[in-house]
Amino acid sequence: MAAGETTAAEDGATAAPLRLIRDVARISTAGFSGVFKKDCADLARRVSLLAHLLEEIRDSKKIQENGEVVVGPTSSSSSSYLSYISDVTVALQAAKRLVSAANNFDDSKNGATKKFFFQFQCVTWKLEKALTNLPYDDFDISEEVQEQVDLIRAQLRRATERYGGPLNSTLLCRALSQPLDKEINPFHPSNRSLIDCLHVENIGIIDHQAGLKSSPSQGNGSVHHAVDDVDKKESSSNDISAPKDSSDGADIEKLDENKKLDSPIIPDDFLCPISLELMRDPVIVATGQTYERSYIQRWIDCGNTTCPKTQQKLRHVTLTPNYVLRSLISQWCTKHNMEQPTLLTNGRIKTSDGSFRHVSADIISSVGTLVRSLSSRSLDEQRAAVSEIRSLSKRSTENRILLAELGAIPILVNMLTSVDCLIQDNAVTSILNLSIYDNNKGLIMLANAIPSIVQVLRSGSNEAKENSAATLFSLSLADENKIIIGASGAIPELVDLLKNGSSRGKKDAATALFNLCIYHGNKGRAVRAGIITALLKMLTESSSVMVDEALTILSVLSTHQEAKAAIVKASTIPVLVDLVRTGLPRNKENACAILLSLCKRDKENLACLSRLGGVIPLTELAKNGTERAKRKASSLLENLRKLQQL
């Protein structure tokens, strides 16, 4: 043990590992450089996250000051507790030594570089092994920290495999048979074949570029020969005794290993940098990096304001779905006959915050049967199934996740084109309900639902049109979807519903149009579809109950040059002045905001406002209106004064 490194039993069992974590954090704070900059940073980050675990163990009521376990079915003695802490401490000592040695390393000697790669492999394995089978209940570990430890273990396990490439198990065979406090020297003469077996080509895929290339002759054949050499040397080596059991169990292990060798290597870009797992719902953060939604959302929810991979400050916390990458992952999984990642695992549903909720096997089975019934040849069975799914999707988030996981969305999208009105109505309503869960929005877009939804909006029943408009609003909450929906031909159909729909249909259309017109490119589309005429009618009809909605949409449109010209041409200024004079407080505020957009730096419109007697109601509003209304009215009055001075 290095000098100055405290044993696990001194000054409280957790004092030593916590001290080591702080030491690694201090080294990390100074920054890493050299060939292994990324490796050191990743290892240091994972080590620092273990502080929460050890602090909870230290503060546990089941652990006495002297390190003895008071209660616990799996760790009833202090020896087992101290043994676990000792394993963690030794692993942390190895991690500290490694990041200290590898930091600033910039040696071009191939052998030395390989040695460090091997040490990173061993250390990540040691840490993962030390965290395996952690008795959470014995230490009073909170659920949040349990999830964090499981995440760290998954990262370490994946990192170990990637360091070793396809020879992972062979390379670690000797380490597995040694106590954790023994270091493996791959350059010992008896271990020389370990270095020969290191597949340096594959090491290059680890989150950085090592700039190493193995010799051209080192293909699959040489790898298999190297494995044979290792097996032979292990049987005769005096350094480390190889397992001597050659039972059927060993043969099965060998078969499993062969399967691993045959399995395709997942491209780095498909792995979440946090979990190191294949992404199911990749999202882009402000720095341009892509993460699995649930993991980056949990990172943000914990109060972090930086990008985990680049450590850059996040300018905003908007998560943008990466549809292109998701599609590539789906295609890659299909090509390699791999099961695509899912939120449904071992009877548990993974929610957007990363937590799990249990679902009984009976429920999964019954919902699965229901989803399959959607594809039945019997029209009656289809009607019954889609009606039940409409009901289920309305009840809870868990149902929305489960239905999506069991493949309901693509089938429901296909049902939008059904000639059966009842099926079409229930299908579009089910999609509306499913879209409430944010993760499902991406799945609906991937299923190419927009053209079919627009078709229902154009020719469906009144109820189907209303729910289609509501669905477009729900999907448009994601900014990137505003562009797709706007380009799909949806806006003219929504404007038509705004003009001719039922009371509820008009409200749904107005809400969708408002949200779509937040994107500047959709404002011109709305104007060309005749939205200004429809909005003016809503403002002037005595029976209209949608003045608020009309003014809100006009306020968004009035910043667009084409929309501004259309609003003025439709003789809207007199109507707005009237609303400033007699409208409700909120209506006065919005009308004044629109007038400011129309008249600012426009002498003709300002002159029109003055001729219509706008000064008096604006002066009143500047004194007694809402705070926003006061600002807008004062600005308009200032512009009018400047006009009079010319």
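Criteria and thresholds
Residues numbered from 1 in each chain as written. Predicted model: local features only at pLDDT ≥ 70, side-chain atom pairs only at ≥ 80, totals over all residues. Heavy atoms only, no water. Helix = DSSP H or I, 4+ residues; strand = E, 2+ residues; numbered from the N terminus. Buried < 20%, exposed > 50% of the residue type's maximum accessible area, 1.4 Å probe, protein only. Pairing = 2+ DSSP bridges. Contact = heavy atoms within 4.5 Å. Axes fitted to C-alpha atoms, helices over the stretch in contact; angles between N-to-C directions. Core = buried A, V, L, I, M, F, W, Y, C linked by side-chain atoms within 4.5 Å. Salt bridge = Lys/Arg side-chain N within 4 Å of Asp/Glu carboxyl O.

This paragraph deals with the environment of Val-568. Summarising the element assignment, Val-568 is placed in helix H28 (residues 561–569). In this structure Val-568 comes out as partly exposed when scored by relative accessible area, which is 26%. Along the chain, Val-568 and Cys-599 lie 31 residues apart, while their C-alpha atoms are 9.9 Å from each other.

Next up on the list: the sheet that holds strand E1 (residues 282–284). On the basis of which strands lie adjacent, the open sheet formed by three strands has the order E2-E1-E3 and antiparallel pairing. This sheet does not close on itself; its edge strands, each paired only once, are strand E2 (290–292) and strand E3 (320–321). Across three bridges, E1 lies against E2 in antiparallel orientation. Counted as the bridge partner of Val-283 is Tyr-291 from E2. On top of the sheet, helix H12 (residues 293–301) reaches E1, E2 and E3; it is set at about 95° to E2, its chief contact.

Once that is clear, we can look at the nonpolar core. A general trend in soluble globular proteins is that nonpolar side chains are found buried together. Counting 95 residues, the largest nonpolar core has Leu-412, Leu-494, Leu-498, Ile-531, Leu-535 and Leu-618 as its most contacted members. With sequence-adjacent residues up to four places away left out, Ile-531 is seen in contact with Val-495, Leu-498, Leu-513, Ala-526, Ile-553 and Leu-557. With 45 residues, the next largest nonpolar core counts Cys-40, Leu-43, Leu-92 and Val-99 among its residues.

Summed over all chains, the structure comprises 23 salt bridges. Here Arg-528 ties to Glu-562 by a salt bridge, and the two come within 2.9 Å at their closest N and O atoms. Placement of Arg-528 in helix H25 (residues 520–528) and of Glu-562 in helix H28 is noted, with a sequence separation of 34 residues between them. Residue classification places Glu-562 among the partly exposed positions, given a relative accessible area of 32%. Its salt-bridge partner being Arg-641, residue Glu-638 comes within 3.0 Å of it at the nearest N-O pair.

Attention now goes to unusual backbone geometry. Only a minority of non-glycine residues have a phi that is not negative, and only a minority of peptide bonds are not trans. In this structure, Gln-311 is a non-glycine residue whose phi angle is positive, near 65°. Inspection of the secondary structure puts Gln-311 in the loop between H12 and E3. For Gln-311, a relative accessible area of 48% gives the class partly exposed.

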